[in-house]
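# Observations on the model geometry
If you want the building blocks of each chain, they are given just below.
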Amino acid sequence: MSEKNIVLITHHADGKNQNLTASSSHPAKMVVKPGSQYLLKNEANDFAPENVTLKRVGNDLVVIQEGDSQPSLILEDYYAKHDGHPPVLLGMAEDGMVYPYIPVSGESYETGYLIADGQLSPVALGGDSLGPGAPYVV
């Protein structure tokens, strides 16, 4: 099976984007910054993976791609550095619209992913559209 690369696009409050490519064999770390948005996409196209698993490790949020056992992304200080509302991960679906990753358990996510340390939470793209994805993936 070939390795799946994932890209984290960080849209900063100043309007600038930063891209970070990662995989389970080459995980990437990003320190969470208040006011930034975080969008996942497949390296091969602009569309997000439909399903990922999140895990809390201390104050970090790790992203594990479907079929992997090791994380691809580590969002450092996700649970420590925020203005009371940690960011929700986003992704562009095949309809070109951006959607949040929501827990498949049906738990709330609007104020961040409230996961106990060491716990896993499968999430999927869903919920209400947040608008077109083109501005994020340019």
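These numbers were taken from a predicted model, which means no experiment stands behind them.

The rules we used
Position numbers for residues start from 1 in each chain and track the written sequence from start to end. Side-chain atom pairs in this predicted model are given and counted only at pLDDT of 80 or more, local residue features only at pLDDT of at least 70, and totals for whole chains, interfaces and linings cover all residues. Hydrogens and water are ignored here; the side-chain numbers use all heavy atoms of the structure. Of the grid points, spaced at 1 Å and generated over the protein atoms alone, those admitting a 1.4 Å probe that cannot get out make up cavities, while open sets with protein on both sides within 12 Å along at least five of seven lines make up pockets; any residue with an atom within 4 Å of a point is treated as lining. Grid points are joined across faces, edges and corners, and a volume is the space filled by probe spheres set on the points. Side-chain classes are defined by residue name, with Ala, Val, Leu, Ile, Met, Phe, Trp, Tyr, Cys and Pro counting as nonpolar, Asp, Glu, Lys and Arg as charged, and the others, Gly among them, as polar. Definition used for salt bridges: Asp or Glu carboxyl oxygen within 4 Å of a side-chain nitrogen of Lys or Arg. Only DSSP runs of H or I covering at least 4 residues are called helices, and only runs of E covering at least 2 are called strands; the numbering of each starts at the N terminus. Working definition: with a 1.4 Å probe on protein chains only, accessible area under 20% of the residue-type maximum means buried, over 50% means exposed, and in between means partly exposed. Distance and chemistry together define a polar contact, namely a pair of N or O atoms within 3.5 Å, with one atom able to donate a hydrogen and the other to accept it when in protein, and with adjacent residues in sequence counting only for side-chain atoms on both sides. Any two residues having at least one pair of non-hydrogen atoms within 4.5 Å are treated as being in contact. Nonpolar core, defined: a set of buried Ala, Val, Leu, Ile, Met, Phe, Trp, Tyr and Cys residues in which side-chain atoms within 4.5 Å join the residues together. Think of it this way: DSSP has to see at least two bridges between two strands before they count as a pair.

## Some words on the layout of surface pockets
- In this model, the largest pocket occupies a volume close to 170 Å³.
- Taken together, Lys-4, Asn-5, Asn-42, Glu-43, Ala-44, Pro-49, Glu-50, Asn-51, Gln-65 and Glu-66 make up the lining of the largest pocket.
- Within the lining of the largest pocket, the residues separate by chemical class into two nonpolar, four polar and four charged.

## Some words on the pattern of salt bridges
- All chains considered together, the criterion is met by two salt bridges.
- Between Asp-68 and Lys-4 there is a salt bridge, with its nearest N and O atoms 3.4 Å apart. With a gap of 64 residues between them, Asp-68 in the loop between strand S6 (60-65) and strand S7 (73-76) and Lys-4 in the segment before strand S1 (6-11) connect regions that are remote in the sequence.
- Given a relative accessible area of 26%, Lys-4 falls into the partly exposed group.

## Things to note about the side chain of Gln-65
- Within the fold, Gln-65 resides in strand S6.
- Within the structure, Gln-65 has its side chain in polar contact with the side chain of Ser-72 (distance 2.9 Å).
- With sequence-adjacent residues up to four places away left out, Gln-65 is seen in contact with Lys-4, Asn-5, Ile-6, Ala-22, Ser-23, Val-52 and Ser-72.

## With respect to the environment of Gly-112
- Inspection of the secondary structure assignment puts Gly-112 in the loop between strand S9 (98-103) and strand S10 (120-125).
- Not counting chain neighbours up to four residues away, the residues in contact with Gly-112 comprise Tyr-78, Pro-86 and Val-88.

## As for the environment of Val-88
- One can find Val-88 in the loop between S7 and strand S8 (89-92).
- We classify Val-88 as buried; its relative accessible area is 17%.
- The spacing of Val-88 and Pro-103 is 15 residues in sequence and 11 Å in space, taken between C-alpha atoms.
- Those residues in contact with Val-88, other than ones at most four positions away along the chain, are Tyr-38, Pro-100, Tyr-101, Tyr-109, Glu-110, Gly-112 and Tyr-113.

## Things to note about the nonpolar core
- Residues Leu-40, Leu-54, Leu-89 and Tyr-113 are the most contacted members of the largest nonpolar core, which totals 24 residues.
- Among the secondary structure elements, those contributing two or more residues to this core are S1, strand S3 (28-31), strand S4 (37-42), strand S5 (51-57), S6 and S7.

## So, the pairing of S6
- Among the six residues that make up S6, five are buried, leaving the element largely enclosed by the rest of the structure.
- Inspection of the sheet shows S5 paired to S6 by six bridges, in the antiparallel sense. Residue Val-52 lies in a different strand from S6, and its bridge partner there is Gln-65.
- The antiparallel pairing of S5 with S6 creates a hairpin that spans two residues between the two strands, and Gly-58 there sits at a positive phi of about 65°.

## Quick look at the pairing of S5
- By the bridge criterion, five bridges tie S5 to S10 in an arrangement that is antiparallel. Across the sheet, the residue bridging to Val-52 is Val-123, located in S10.

## Structural notes on the side chain of Thr-10
- By the secondary structure assignment, Thr-10 is in strand S1.
- What makes Thr-10 buried here is its relative accessible area of 0%.
- Aside from chain neighbours lying at most four places away, what touches Thr-10 is Lys-16, Asn-17, Gln-18, Met-30, Ser-36, Gln-37 and Tyr-38.

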